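Here are the chains, one letter per residue:
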Amino acid sequence: MHPDTPAESTPDPIRFHPRMTDAEATAEAQRIIAEAYRPVPQMPTAYRDPTPLPTYGTTPPVPQPDHRIVPAWAAGTAVVGIGTGAAFIGVGCGIWLACQGFAAVTLTSVLFITLPIAALAAVAAAIGSAVRSIKATHTETHHHYAGPVRQETNTITAPAYGLIARNRNNLSR
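Thresholds applied
- Residues numbered from 1 in each chain as written.
- Predicted model: local features only at pLDDT ≥ 70, side-chain atom pairs only at ≥ 80, totals over all residues.
- Heavy atoms only, no water.
- Helix = DSSP H or I, 4+ residues; strand = E, 2+ residues; numbered from the N terminus.
- Buried < 20%, exposed > 50% of the residue type's maximum accessible area, 1.4 Å probe, protein only.
- Areas by Shrake-Rupley, 256 points an atom, 1.4 Å probe, with all protein chains shown as cover.
- Salt bridge = Lys/Arg side-chain N within 4 Å of Asp/Glu carboxyl O.
- Patch = residues over 30% accessible without salt bridge, like charges linked within 9 Å, V, L, I, M, F, W, Y side chains within 5 Å.
- pLDDT = per-residue confidence, 0-100.

How should the overall build of the protein chain be read in this particular structure?
Looking only at helices and strands, one finds three helices and two strands in the protein chain. Of the regular secondary structure in the protein chain, the N- to C-terminal order runs α-α-α-β-β. By residue count, 1% of the 173 residues in the protein chain fall in the buried class. Per element, the accessible surface of the protein chain, about 17,400 Å² overall, is 66% carbon and sulfur.

Can you walk me through the pattern of salt bridges in this structure?
Pairs may arise between side chains of opposite charge once their charged atoms sit close together. As enumerated under the stated definition, the model contains two salt bridges in all. Note that E28 is salt-bridged to R31, the shortest N-O span being 2.5 Å. Of this pair, E28 and R31 are both found in helix α1 (residues 22-36), three residues apart, which corresponds to roughly one turn of the helix. When the shortest N-O distance is used, the salt bridge between R31 and E35 registers 3.1 Å. Pair noted here: R31 and E35 are both in helix α1, with a separation of four residues, about one helical turn. Residues joined in a network through salt bridges with shared partners are E28, R31 and E35.

Explain a nonpolar patch on the surface here, please?
Taken together, F88, V91 and I95 make up a surface patch of nonpolar side chains, about 310 Å² in accessible area. With respect to the helices and strands, I95 occurs in helix α2 (residues 72-103).

What am I meant to see in the confidence of the model for the protein chain here?
Regions with low pLDDT should not have their predicted coordinates read in detail. Taken over all residues, the pLDDT of the protein chain has a mean of 76, while the share at 70 or more is 68%. No element of the protein chain has a lower mean pLDDT than strand β2 (residues 170-172), at 61, and none a higher one than α1, at 93.

This is the structure we're talking about:
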């Protein structure tokens, strides 16, 4: 410090602010918290007119037709869907019963499965033999040809060359 300058005129580079007491700090903290959680005034987003509606007015009522009639094809499709579902429930129950028969491997379950199949095979064999015997009595297997017969043999050569083979079929007569 220079002797010619007064001590009061020197600027103090560091100034300390006065500190709060504990009571002042608690009061300031409560004020900040209360200000942060203060409810925000709500703005109305809709308005309802409280005046009662008139029972009659100058505008006549407008008809409001109902266009929700189901077309006939949609009703038919629904009925078919319900019928199909009911049929598949019956088929599913039958399959379940058959699987129950498969699960119980006893003589009864084996007969339950094999006897209907054997019966169908016997009926098919009987029908086939009857049809064959009817065809044998009514048709003759003698063929008459009225023209010259020429038989041609075709030769097909299929060479495959190179690493990746390409088929080039040459038909020669």
